[in-house]
Amino acid sequence: MIGVWKKEDFMMKFLEEARAYQDSMIQDLRELVKIESVRDDAHATKEAPFGPNIAKCLDKALEIGKRDGFKVENVDGHAGVIQYGDLEESVGVLGHLDVVPVGDGWHFDPLGGEVKDGYIMGRGTCDDKGPAIAAYYAIKILKDKGYKLKHNIQMILGTDEENTSAGILYYKKVRKNPIMGIVPDAEFPCIYAEKGILDFTAEGKIDSCIRFMQSGTAFNVVISKADVIVDKPLDKDYFTKFLLANELTGECHEEADGAHYHIDGKPFHASRPFMGINAAVKMFEFVGSCYNDTFSLNAVKLFKDPYGVGMKVAYDGAYMGPLTFNLGKANIEKGQVYFALDYRYPNECEGGDLLQRSAEIIKEVLGLDTTLVDDSKWLLNDPESELIKTCLKHYRAFSGDNYTPPLRIGGGTYARSFENFAAFGPIFPTREYASWVGAEHEADEGFEIETLLLACAIYANVLYDLACAH
(Lines give C-alpha, C1' and ligand atoms only; values in the text may rest on other atoms or scores of the structure.)
Protein backbone atom coordinates (compact mmCIF):
# COMPACT_ATOMS: atom_id res chain seq x y z
CA MET A 1 0.00 0.00 0.00
CA ILE A 2 1.02 3.66 -0.26
CA GLY A 3 2.27 4.11 3.30
CA VAL A 4 4.22 7.33 3.76
CA TRP A 5 5.63 7.62 0.25
CA LYS A 6 6.00 11.08 -1.14
CA LYS A 7 4.08 11.69 -4.36
CA GLU A 8 7.33 11.73 -6.38
CA ASP A 9 8.43 8.42 -4.87
CA PHE A 10 4.99 6.95 -5.54
CA MET A 11 5.16 7.91 -9.21
CA MET A 12 8.64 6.51 -9.66
CA LYS A 13 7.52 3.33 -7.93
CA PHE A 14 5.07 2.73 -10.76
CA LEU A 15 7.94 3.05 -13.23
CA GLU A 16 9.93 0.50 -11.26
CA GLU A 17 6.92 -1.82 -11.36
CA ALA A 18 6.60 -1.34 -15.11
CA ARG A 19 10.27 -2.16 -15.63
CA ALA A 20 9.83 -5.31 -13.55
CA TYR A 21 7.18 -6.47 -16.04
CA GLN A 22 9.16 -5.53 -19.16
CA ASP A 23 9.87 -9.05 -20.41
CA SER A 24 6.26 -10.12 -19.86
CA MET A 25 4.95 -7.01 -21.64
CA ILE A 26 7.13 -7.66 -24.67
CA GLN A 27 6.15 -11.33 -24.81
CA ASP A 28 2.42 -10.57 -24.56
CA LEU A 29 2.72 -7.90 -27.23
CA ARG A 30 4.57 -10.29 -29.53
CA GLU A 31 1.79 -12.85 -29.14
CA LEU A 32 -0.78 -10.27 -30.26
CA VAL A 33 1.37 -8.99 -33.15
CA LYS A 34 1.70 -12.52 -34.54
CA ILE A 35 -2.02 -12.49 -35.33
CA GLU A 36 -2.86 -10.61 -38.55
CA SER A 37 -6.03 -9.12 -37.14
CA VAL A 38 -7.36 -7.41 -40.27
CA ARG A 39 -11.12 -7.25 -40.83
CA ASP A 40 -12.21 -10.11 -43.06
CA ASP A 41 -15.88 -9.87 -44.01
CA ALA A 42 -15.61 -12.78 -46.45
CA HIS A 43 -15.05 -15.23 -43.59
CA ALA A 44 -17.16 -13.54 -40.90
CA THR A 45 -19.50 -15.61 -38.75
CA LYS A 46 -21.89 -14.89 -35.90
CA GLU A 47 -19.14 -15.74 -33.39
CA ALA A 48 -16.48 -13.86 -35.40
CA PRO A 49 -18.36 -10.86 -36.89
CA PHE A 50 -15.16 -9.27 -38.25
CA GLY A 51 -13.43 -12.44 -39.36
CA PRO A 52 -11.45 -15.30 -37.78
CA ASN A 53 -8.16 -13.49 -37.18
CA ILE A 54 -9.73 -10.65 -35.22
CA ALA A 55 -11.63 -13.25 -33.17
CA LYS A 56 -8.37 -15.11 -32.56
CA CYS A 57 -6.66 -11.92 -31.38
CA LEU A 58 -9.55 -11.10 -29.06
CA ASP A 59 -9.38 -14.61 -27.58
CA LYS A 60 -5.64 -14.22 -26.99
CA ALA A 61 -6.07 -10.85 -25.21
CA LEU A 62 -8.79 -12.25 -22.97
CA GLU A 63 -6.63 -15.30 -22.27
CA ILE A 64 -3.90 -12.94 -21.01
CA GLY A 65 -6.39 -11.18 -18.74
CA LYS A 66 -7.75 -14.46 -17.38
CA ARG A 67 -4.20 -15.71 -16.77
CA ASP A 68 -3.57 -12.70 -14.54
CA GLY A 69 -6.71 -13.16 -12.48
CA PHE A 70 -8.99 -10.55 -14.03
CA LYS A 71 -12.67 -10.98 -14.75
CA VAL A 72 -12.96 -11.24 -18.54
CA GLU A 73 -15.85 -11.24 -21.01
CA ASN A 74 -16.22 -11.72 -24.73
CA VAL A 75 -19.07 -9.43 -25.80
CA ASP A 76 -20.50 -11.44 -28.70
CA GLY A 77 -17.25 -11.24 -30.66
CA HIS A 78 -17.56 -7.45 -30.97
CA ALA A 79 -15.45 -6.44 -27.99
CA GLY A 80 -13.66 -7.82 -24.98
CA VAL A 81 -13.67 -6.67 -21.34
CA ILE A 82 -10.90 -7.16 -18.80
CA GLN A 83 -12.14 -5.86 -15.44
CA TYR A 84 -10.55 -5.09 -12.07
CA GLY A 85 -13.12 -4.63 -9.31
CA ASP A 86 -16.76 -5.45 -8.72
CA LEU A 87 -18.33 -2.07 -7.99
CA GLU A 88 -21.22 -0.10 -9.49
CA GLU A 89 -19.36 2.37 -11.71
CA SER A 90 -16.26 1.98 -13.87
CA VAL A 91 -13.39 4.01 -15.23
CA GLY A 92 -12.63 2.83 -18.75
CA VAL A 93 -9.54 2.23 -20.83
CA LEU A 94 -10.34 1.75 -24.53
CA GLY A 95 -7.97 -0.01 -26.91
CA HIS A 96 -8.35 -1.87 -30.18
CA LEU A 97 -6.94 -5.13 -31.49
CA ASP A 98 -7.61 -4.79 -35.21
CA VAL A 99 -4.96 -3.45 -37.59
CA VAL A 100 -4.72 -2.09 -41.11
CA PRO A 101 -3.40 -4.46 -43.80
CA VAL A 102 0.33 -5.15 -43.64
CA GLY A 103 1.13 -3.62 -47.04
CA ASP A 104 4.51 -3.65 -48.76
CA GLY A 105 8.00 -2.25 -48.20
CA TRP A 106 8.85 -3.94 -44.90
CA HIS A 107 12.42 -4.70 -43.79
CA PHE A 108 11.13 -6.73 -40.84
CA ASP A 109 8.62 -9.53 -40.52
CA PRO A 110 5.40 -7.52 -40.02
CA LEU A 111 3.99 -10.32 -37.86
CA GLY A 112 7.20 -11.23 -36.09
CA GLY A 113 7.47 -8.81 -33.17
CA GLU A 114 11.23 -8.65 -33.60
CA VAL A 115 13.11 -6.62 -30.99
CA LYS A 116 15.86 -4.42 -32.43
CA ASP A 117 17.83 -1.61 -30.78
CA GLY A 118 15.16 -0.87 -28.20
CA TYR A 119 12.14 -1.17 -30.50
CA ILE A 120 9.61 -3.92 -31.06
CA MET A 121 8.67 -4.15 -34.73
CA GLY A 122 5.50 -5.26 -36.46
CA ARG A 123 2.05 -4.26 -37.64
CA GLY A 124 0.02 -3.05 -34.67
CA THR A 125 2.94 -2.49 -32.32
CA CYS A 126 2.21 1.26 -32.34
CA ASP A 127 -1.46 1.17 -33.40
CA ASP A 128 -2.81 -0.13 -31.10
CA LYS A 129 -1.61 -3.39 -29.58
CA GLY A 130 1.49 -1.87 -27.96
CA PRO A 131 -0.39 1.00 -26.28
CA ALA A 132 -3.10 -1.45 -25.17
CA ILE A 133 -0.46 -3.64 -23.51
CA ALA A 134 1.00 -0.58 -21.75
CA ALA A 135 -2.42 0.30 -20.34
CA TYR A 136 -3.21 -3.31 -19.46
CA TYR A 137 -0.05 -3.62 -17.38
CA ALA A 138 -0.89 -0.32 -15.65
CA ILE A 139 -4.12 -1.94 -14.47
CA LYS A 140 -2.21 -5.10 -13.54
CA ILE A 141 0.20 -3.07 -11.39
CA LEU A 142 -2.70 -1.56 -9.44
CA LYS A 143 -4.34 -4.97 -9.04
CA ASP A 144 -1.17 -6.79 -8.01
CA LYS A 145 -0.46 -4.14 -5.37
CA GLY A 146 -4.00 -4.46 -4.02
CA TYR A 147 -5.06 -0.80 -4.08
CA LYS A 148 -8.58 -0.20 -2.85
CA LEU A 149 -10.98 0.96 -5.55
CA LYS A 150 -13.72 3.57 -5.61
CA HIS A 151 -14.58 2.56 -9.21
CA ASN A 152 -13.89 -0.52 -11.28
CA ILE A 153 -11.24 -0.26 -13.95
CA GLN A 154 -12.48 -1.74 -17.21
CA MET A 155 -10.23 -2.34 -20.17
CA ILE A 156 -12.53 -2.52 -23.19
CA LEU A 157 -10.92 -3.92 -26.34
CA GLY A 158 -12.57 -3.09 -29.64
CA THR A 159 -12.24 -5.11 -32.82
CA ASP A 160 -13.05 -2.80 -35.74
CA GLU A 161 -11.54 0.62 -35.02
CA GLU A 162 -9.75 0.85 -38.36
CA ASN A 163 -13.03 0.67 -40.29
CA THR A 164 -16.33 1.72 -38.71
CA SER A 165 -15.82 1.22 -34.93
CA ALA A 166 -18.76 -1.18 -35.14
CA GLY A 167 -17.37 -3.39 -32.37
CA ILE A 168 -17.11 -0.72 -29.70
CA LEU A 169 -20.45 0.80 -30.71
CA TYR A 170 -22.06 -2.61 -30.23
CA TYR A 171 -20.52 -2.79 -26.75
CA LYS A 172 -21.85 0.69 -26.00
CA LYS A 173 -25.41 -0.43 -26.79
CA VAL A 174 -25.45 -3.69 -24.82
CA ARG A 175 -23.35 -2.94 -21.71
CA LYS A 176 -23.25 -0.27 -19.03
CA ASN A 177 -20.79 2.41 -20.09
CA PRO A 178 -17.88 3.71 -17.99
CA ILE A 179 -18.31 7.13 -16.40
CA MET A 180 -15.03 8.42 -17.82
CA GLY A 181 -11.78 7.13 -19.21
CA ILE A 182 -8.75 7.27 -21.45
CA VAL A 183 -7.85 5.95 -24.89
CA PRO A 184 -4.17 5.02 -25.31
CA ASP A 185 -4.19 5.42 -29.09
CA ALA A 186 -2.72 8.84 -29.85
CA GLU A 187 -0.12 11.16 -28.34
CA PHE A 188 0.82 12.91 -25.12
CA PRO A 189 0.19 15.34 -23.48
CA CYS A 190 -3.55 14.76 -24.16
CA ILE A 191 -6.02 15.10 -27.02
CA TYR A 192 -8.86 17.54 -26.42
CA ALA A 193 -10.19 17.68 -29.99
CA GLU A 194 -10.62 15.16 -32.81
CA LYS A 195 -11.86 16.03 -36.27
CA GLY A 196 -14.95 14.41 -37.72
CA ILE A 197 -14.36 11.51 -40.11
CA LEU A 198 -16.46 11.02 -43.23
CA ASP A 199 -15.88 7.89 -45.36
CA PHE A 200 -17.75 7.35 -48.60
CA THR A 201 -17.39 5.60 -51.95
CA ALA A 202 -17.81 6.67 -55.55
CA GLU A 203 -18.64 4.07 -58.19
CA GLY A 204 -19.85 3.78 -61.75
CA LYS A 205 -19.09 3.15 -65.39
CA ILE A 206 -16.29 5.16 -67.00
CA ASP A 207 -14.77 5.85 -70.40
CA SER A 208 -11.00 5.58 -70.04
CA CYS A 209 -7.97 4.00 -71.63
CA ILE A 210 -7.34 2.31 -68.26
CA ARG A 211 -8.48 -1.30 -68.61
CA PHE A 212 -7.41 -2.32 -65.12
CA MET A 213 -6.26 -0.52 -61.97
CA GLN A 214 -5.49 -1.78 -58.50
CA SER A 215 -4.41 0.51 -55.67
CA GLY A 216 -4.98 1.17 -51.99
CA THR A 217 -5.86 -0.87 -48.91
CA ALA A 218 -8.11 1.27 -46.70
CA PHE A 219 -9.96 4.58 -46.43
CA ASN A 220 -7.52 5.81 -43.80
CA VAL A 221 -4.20 5.10 -45.53
CA VAL A 222 -2.54 7.14 -48.28
CA ILE A 223 -2.13 4.80 -51.28
CA SER A 224 1.40 3.38 -51.35
CA LYS A 225 1.42 1.75 -54.79
CA ALA A 226 -0.67 1.75 -57.95
CA ASP A 227 -0.76 -0.58 -60.94
CA VAL A 228 -2.62 0.03 -64.20
CA ILE A 229 -2.98 -1.62 -67.58
CA VAL A 230 -3.89 0.75 -70.42
CA ASP A 231 -5.05 -0.23 -73.90
CA LYS A 232 -2.44 1.99 -75.49
CA PRO A 233 1.16 1.42 -76.63
CA LEU A 234 3.82 1.44 -73.92
CA ASP A 235 5.58 4.82 -73.62
CA LYS A 236 8.64 3.97 -71.56
CA ASP A 237 10.51 7.21 -72.32
CA TYR A 238 7.66 9.45 -71.16
CA PHE A 239 7.14 7.30 -68.06
CA THR A 240 10.83 7.50 -67.15
CA LYS A 241 10.77 11.28 -67.46
CA PHE A 242 7.56 11.46 -65.40
CA LEU A 243 9.14 9.45 -62.59
CA LEU A 244 12.25 11.63 -62.60
CA ALA A 245 10.28 14.87 -62.65
CA ASN A 246 8.17 13.73 -59.70
CA GLU A 247 10.99 12.02 -57.77
CA LEU A 248 9.14 8.70 -57.88
CA THR A 249 10.05 5.07 -58.46
CA GLY A 250 8.18 2.65 -60.67
CA GLU A 251 8.40 0.27 -63.59
CA CYS A 252 6.64 -0.54 -66.83
CA HIS A 253 6.41 -3.32 -69.41
CA GLU A 254 4.24 -4.64 -72.24
CA GLU A 255 1.63 -7.31 -71.53
CA ALA A 256 -0.66 -9.21 -73.85
CA ASP A 257 -3.62 -7.00 -72.95
CA GLY A 258 -1.83 -3.64 -72.84
CA ALA A 259 0.88 -1.51 -71.27
CA HIS A 260 1.43 -2.14 -67.55
CA TYR A 261 2.65 0.70 -65.33
CA HIS A 262 3.53 0.61 -61.63
CA ILE A 263 4.17 3.62 -59.37
CA ASP A 264 5.39 3.60 -55.77
CA GLY A 265 4.05 6.26 -53.43
CA LYS A 266 4.49 6.83 -49.71
CA PRO A 267 1.85 5.52 -47.30
CA PHE A 268 0.75 7.65 -44.37
CA HIS A 269 -2.21 7.91 -42.03
CA ALA A 270 -5.14 9.68 -43.67
CA SER A 271 -5.30 12.16 -40.80
CA ARG A 272 -2.23 13.78 -42.38
CA PRO A 273 -2.41 12.89 -46.08
CA PHE A 274 -0.03 15.73 -46.95
CA MET A 275 2.75 13.67 -45.32
CA GLY A 276 2.34 10.87 -47.86
CA ILE A 277 2.56 10.52 -51.62
CA ASN A 278 -0.61 9.11 -53.15
CA ALA A 279 0.46 6.62 -55.82
CA ALA A 280 -3.00 6.47 -57.41
CA VAL A 281 -3.17 10.23 -57.87
CA LYS A 282 0.30 10.17 -59.42
CA MET A 283 -0.79 7.37 -61.73
CA PHE A 284 -3.81 9.38 -62.88
CA GLU A 285 -1.46 12.31 -63.51
CA PHE A 286 0.75 10.11 -65.67
CA VAL A 287 -2.03 8.42 -67.65
CA GLY A 288 -3.87 11.69 -68.12
CA SER A 289 -0.85 13.58 -69.41
CA CYS A 290 0.67 10.74 -71.44
CA TYR A 291 -2.49 9.54 -73.17
CA ASN A 292 -4.70 12.63 -72.84
CA ASP A 293 -7.17 10.50 -70.91
CA THR A 294 -10.03 12.77 -69.84
CA PHE A 295 -11.20 10.59 -66.96
CA SER A 296 -7.72 10.50 -65.43
CA LEU A 297 -7.24 14.25 -65.81
CA ASN A 298 -10.59 14.88 -64.10
CA ALA A 299 -9.71 12.48 -61.28
CA VAL A 300 -6.53 14.46 -60.67
CA LYS A 301 -8.50 17.70 -60.67
CA LEU A 302 -10.75 16.39 -57.89
CA PHE A 303 -8.43 14.25 -55.79
CA LYS A 304 -4.95 15.74 -55.94
CA ASP A 305 -5.20 18.37 -53.22
CA PRO A 306 -5.07 16.94 -49.65
CA TYR A 307 -7.15 19.84 -48.28
CA GLY A 308 -10.22 19.28 -50.45
CA VAL A 309 -9.62 22.21 -52.82
CA GLY A 310 -10.47 20.11 -55.87
CA MET A 311 -13.70 18.96 -54.23
CA LYS A 312 -14.54 22.59 -53.35
CA VAL A 313 -14.86 21.87 -49.65
CA ALA A 314 -11.61 23.36 -48.30
CA TYR A 315 -12.04 24.87 -44.83
CA ASP A 316 -9.64 25.93 -42.07
CA GLY A 317 -11.20 25.44 -38.64
CA ALA A 318 -10.54 27.84 -35.76
CA TYR A 319 -9.96 25.07 -33.17
CA MET A 320 -9.12 21.97 -35.17
CA GLY A 321 -7.27 23.29 -38.19
CA PRO A 322 -7.92 22.47 -41.84
CA LEU A 323 -10.18 19.87 -43.37
CA THR A 324 -8.13 17.13 -45.06
CA PHE A 325 -8.95 14.71 -47.86
CA ASN A 326 -7.58 11.28 -48.83
CA LEU A 327 -8.16 8.92 -51.72
CA GLY A 328 -7.75 5.53 -50.03
CA LYS A 329 -8.60 3.09 -52.84
CA ALA A 330 -8.85 3.38 -56.62
CA ASN A 331 -9.77 0.22 -58.51
CA ILE A 332 -10.90 -0.17 -62.14
CA GLU A 333 -12.03 -3.32 -63.94
CA LYS A 334 -14.27 -3.95 -66.95
CA GLY A 335 -15.09 -0.28 -67.30
CA GLN A 336 -16.22 0.09 -63.68
CA VAL A 337 -14.41 2.24 -61.11
CA TYR A 338 -14.45 2.13 -57.32
CA PHE A 339 -13.07 4.96 -55.17
CA ALA A 340 -12.79 4.96 -51.36
CA LEU A 341 -12.68 8.55 -50.05
CA ASP A 342 -11.98 10.01 -46.63
CA TYR A 343 -12.47 13.48 -45.07
CA ARG A 344 -11.23 14.69 -41.68
CA TYR A 345 -13.31 17.78 -40.94
CA PRO A 346 -13.30 20.45 -38.19
CA ASN A 347 -16.22 21.19 -35.89
CA GLU A 348 -17.51 24.06 -38.05
CA CYS A 349 -18.38 21.52 -40.78
CA GLU A 350 -21.10 18.88 -40.96
CA GLY A 351 -20.59 15.48 -42.53
CA GLY A 352 -23.95 15.51 -44.28
CA ASP A 353 -23.20 18.79 -46.03
CA LEU A 354 -19.76 17.57 -47.12
CA LEU A 355 -21.22 14.39 -48.55
CA GLN A 356 -23.91 16.25 -50.50
CA ARG A 357 -21.46 18.76 -51.98
CA SER A 358 -18.98 16.00 -52.83
CA ALA A 359 -21.67 13.85 -54.43
CA GLU A 360 -22.69 16.74 -56.66
CA ILE A 361 -19.20 17.53 -57.94
CA ILE A 362 -18.22 13.87 -58.41
CA LYS A 363 -21.39 13.29 -60.41
CA GLU A 364 -20.81 16.42 -62.46
CA VAL A 365 -17.12 15.84 -63.22
CA LEU A 366 -16.79 12.02 -63.22
CA GLY A 367 -20.35 10.81 -63.64
CA LEU A 368 -20.15 8.57 -60.56
CA ASP A 369 -22.59 7.84 -57.76
CA THR A 370 -21.56 8.22 -54.12
CA THR A 371 -22.53 6.13 -51.09
CA LEU A 372 -22.02 6.95 -47.42
CA VAL A 373 -19.97 4.40 -45.49
CA ASP A 374 -19.54 6.13 -42.13
CA ASP A 375 -19.78 9.58 -40.59
CA SER A 376 -18.15 9.89 -37.17
CA LYS A 377 -18.82 13.27 -35.58
CA TRP A 378 -15.96 15.37 -34.22
CA LEU A 379 -15.03 15.44 -30.55
CA LEU A 380 -14.32 18.67 -28.65
CA ASN A 381 -13.52 18.32 -24.94
CA ASP A 382 -13.15 21.18 -22.49
CA PRO A 383 -9.38 21.57 -21.91
CA GLU A 384 -10.22 22.60 -18.31
CA SER A 385 -12.25 19.47 -17.50
CA GLU A 386 -11.22 17.26 -14.58
CA LEU A 387 -10.27 14.43 -16.92
CA ILE A 388 -8.02 16.53 -19.15
CA LYS A 389 -6.41 18.27 -16.18
CA THR A 390 -5.70 14.95 -14.45
CA CYS A 391 -4.07 13.54 -17.57
CA LEU A 392 -2.00 16.68 -18.08
CA LYS A 393 -0.92 16.79 -14.43
CA HIS A 394 0.59 13.32 -14.51
CA TYR A 395 2.10 13.65 -17.97
CA ARG A 396 3.83 16.92 -17.05
CA ALA A 397 5.01 15.73 -13.62
CA PHE A 398 6.40 12.55 -15.10
CA SER A 399 7.93 13.87 -18.34
CA GLY A 400 9.07 17.33 -17.24
CA ASP A 401 7.42 18.72 -20.38
CA ASN A 402 5.60 21.84 -19.19
CA TYR A 403 5.23 23.48 -22.59
CA THR A 404 3.46 21.21 -25.05
CA PRO A 405 -0.25 22.16 -25.01
CA PRO A 406 -3.20 19.75 -25.26
CA LEU A 407 -3.50 18.63 -28.86
CA ARG A 408 -6.05 18.51 -31.64
CA ILE A 409 -5.78 15.70 -34.18
CA GLY A 410 -7.19 14.60 -37.50
CA GLY A 411 -7.10 10.97 -36.42
CA GLY A 412 -10.15 9.40 -34.85
CA THR A 413 -10.06 7.38 -31.63
CA TYR A 414 -12.61 5.59 -29.51
CA ALA A 415 -12.82 8.71 -27.31
CA ARG A 416 -15.52 10.14 -29.59
CA SER A 417 -17.72 7.09 -28.96
CA PHE A 418 -18.24 7.78 -25.23
CA GLU A 419 -18.95 10.68 -22.93
CA ASN A 420 -16.06 12.10 -20.88
CA PHE A 421 -13.24 10.20 -22.61
CA ALA A 422 -9.97 11.53 -24.00
CA ALA A 423 -7.19 10.07 -26.13
CA PHE A 424 -4.05 10.05 -24.01
CA GLY A 425 -0.60 8.95 -25.22
CA PRO A 426 1.43 6.90 -25.66
CA ILE A 427 3.70 8.80 -28.08
CA PHE A 428 5.84 11.49 -26.43
CA PRO A 429 6.43 14.77 -28.29
CA THR A 430 9.79 15.00 -26.52
CA ARG A 431 11.10 11.56 -27.60
CA GLU A 432 12.40 11.20 -31.16
CA TYR A 433 12.07 7.82 -32.81
CA ALA A 434 14.86 6.30 -34.92
CA SER A 435 14.59 7.18 -38.60
CA TRP A 436 14.27 3.53 -39.65
CA VAL A 437 11.16 2.97 -37.51
CA GLY A 438 7.82 3.47 -39.25
CA ALA A 439 4.78 5.13 -37.70
CA GLU A 440 1.27 3.72 -37.52
CA HIS A 441 -0.05 2.43 -40.88
CA GLU A 442 3.45 2.61 -42.38
CA ALA A 443 5.86 -0.13 -43.36
CA ASP A 444 8.31 -1.05 -40.57
CA GLU A 445 5.85 0.09 -37.91
CA GLY A 446 7.53 -0.07 -34.52
CA PHE A 447 7.08 0.88 -30.87
CA GLU A 448 9.87 1.96 -28.56
CA ILE A 449 10.17 -0.27 -25.51
CA GLU A 450 11.11 2.66 -23.25
CA THR A 451 7.95 4.47 -24.40
CA LEU A 452 5.99 1.32 -23.55
CA LEU A 453 7.32 1.41 -19.99
CA LEU A 454 7.01 5.15 -19.43
CA ALA A 455 3.46 5.19 -20.77
CA CYS A 456 2.55 2.26 -18.54
CA ALA A 457 3.73 4.17 -15.46
CA ILE A 458 1.83 7.32 -16.46
CA TYR A 459 -1.34 5.32 -17.08
CA ALA A 460 -0.99 3.68 -13.67
CA ASN A 461 -0.81 7.11 -12.02
CA VAL A 462 -3.84 8.47 -13.89
CA LEU A 463 -5.93 5.37 -13.18
CA TYR A 464 -4.90 5.50 -9.54
CA ASP A 465 -6.21 9.08 -9.33
CA LEU A 466 -9.43 8.32 -11.22
CA ALA A 467 -10.36 4.91 -9.82
CA CYS A 468 -8.59 4.21 -6.54
CA ALA A 469 -9.69 5.27 -3.06
CA HIS A 470 -7.00 7.64 -1.74
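See above for the structure.
Bear in mind that the values here come from a model prediction, so they are computed numbers and not experimental data. (Residues numbered from 1 in each chain as written. Predicted model: local features only at pLDDT ≥ 70, side-chain atom pairs only at ≥ 80, totals over all residues. Heavy atoms only, no water.)

(A) Structural view of the overall build of the chain. The helix and strand inventory of the chain stands at 11 helices and 24 strands. Here the C-alpha atoms of the chain give a radius of gyration of 23 Å, agreeing with the 23 Å that 2.2 N^0.38 yields for 470 residues. Taken across its 470 residues, the chain has 58% of its residues classed as buried. Nonlocal contacts in the chain, meaning residues at least 24 apart in sequence, comprise 76% of its contacts between residues at least 6 apart. Total accessible area computed for the chain in this model is approximately 19,500 Å², and 49% of it derives from carbon and sulfur atoms. Charge separation in the chain, taken as the distance between the mean sites of 50 positive and 73 negative side-chain charges, equals 3 Å. (Helix = DSSP H or I, 4+ residues; strand = E, 2+ residues; numbered from the N terminus. Rg over C-alpha atoms; globule rule 2.2 N^0.38 Å. Buried < 20%, exposed > 50% of the residue type's maximum accessible area, 1.4 Å probe, protein only. Contact = heavy atoms within 4.5 Å. Areas by Shrake-Rupley, 256 points an atom, 1.4 Å probe, with all protein chains shown as cover. Lys, Arg positive; Asp, Glu negative; His and termini not counted. Charge placed at Lys NZ, Arg CZ, Asp CG, Glu CD.)

(B) Structural detail: the environment of Ile 206. Relative to the helices and strands, Ile 206 is located in the loop between strand 10 (196–205) and strand 11 (210–215). The spacing of Ile 206 and Gln 336 is 130 residues in sequence and 6.1 Å in space, taken between C-alpha atoms.

(C) Geometry of the sheet that holds strand 9 (residues 191–194). Spatially, three strands are ordered 20-9-21 in an open sheet, and the strand pairing comes out mixed. Since the sheet does not close on itself, it has two edges, and those belong to strand 20 (379–380) and strand 21 (407–409), each with one partner. One ladder, built from three bridges, connects strand 9 with strand 21; its direction is parallel. Bridged to Ile 191 within strand 21 is Leu 407. (Pairing = 2+ DSSP bridges.)

(D) Spotlight on the pairing of strand 7 (residues 180–183). Alternating positions in strand 7 separate into two faces, Met 180 and Ile 182 on one and Gly 181 and Val 183 on the other, with burial throughout. Judged from the three bridges that link them, strand 7 and strand 22 (residues 421–423) form a sheet pairing that is parallel. Within strand 22, the residue paired with Val 183 across the bridge is Ala 423.

(E) How the structure looks around the nonpolar core. Core analysis: the largest hydrophobic core is formed by 67 residues, its most contacted members being Leu 142, Ile 153, Met 155, Phe 424 and Tyr 459. By residue number, the principal contributor to this core is helix 11 (residues 449–467), which donates 15 residues. Leave out the neighbours within four places in its chain, and Ile 153 touches Ile 82, Gln 83, Tyr 84, Val 91, Val 93, Ile 139, Leu 142, Leu 463 and Ala 467. Residues Ile 206, Tyr 261, Tyr 291 and Val 300 belong to the second largest nonpolar core, which totals 52 residues. (Core = buried A, V, L, I, M, F, W, Y, C linked by side-chain atoms within 4.5 Å.)

(F) Molecular detail of the packing of helix 7 (residues 279–291) against helix 8 (residues 294–303). Relative orientation of the contacting elements helix 7 and helix 8 amounts to 140°, with a least axis distance of 7 Å. What the angle tells us is that helix 7 and helix 8 run oblique. The hand of the helix 7/helix 8 crossing is left-handed. Judged by residue contacts, Val 281, Phe 284, Glu 285, Val 287, Gly 288 and Ser 289 of helix 7 engage Phe 295, Ser 296, Leu 297, Ala 299, Val 300 and Phe 303 from helix 8. Among the residues forming the contact of helix 7 with helix 8, the class breakdown is eight nonpolar, three polar and one charged. (Axes fitted to C-alpha atoms, helices over the stretch in contact; angles between N-to-C directions. Parallel < 35°, antiparallel > 145°, perpendicular 65-115°, else oblique. Left-handed = near helix turned anticlockwise from the far one by under 90°. Nonpolar A, V, L, I, M, F, W, Y, C, P; charged D, E, K, R; others polar.)

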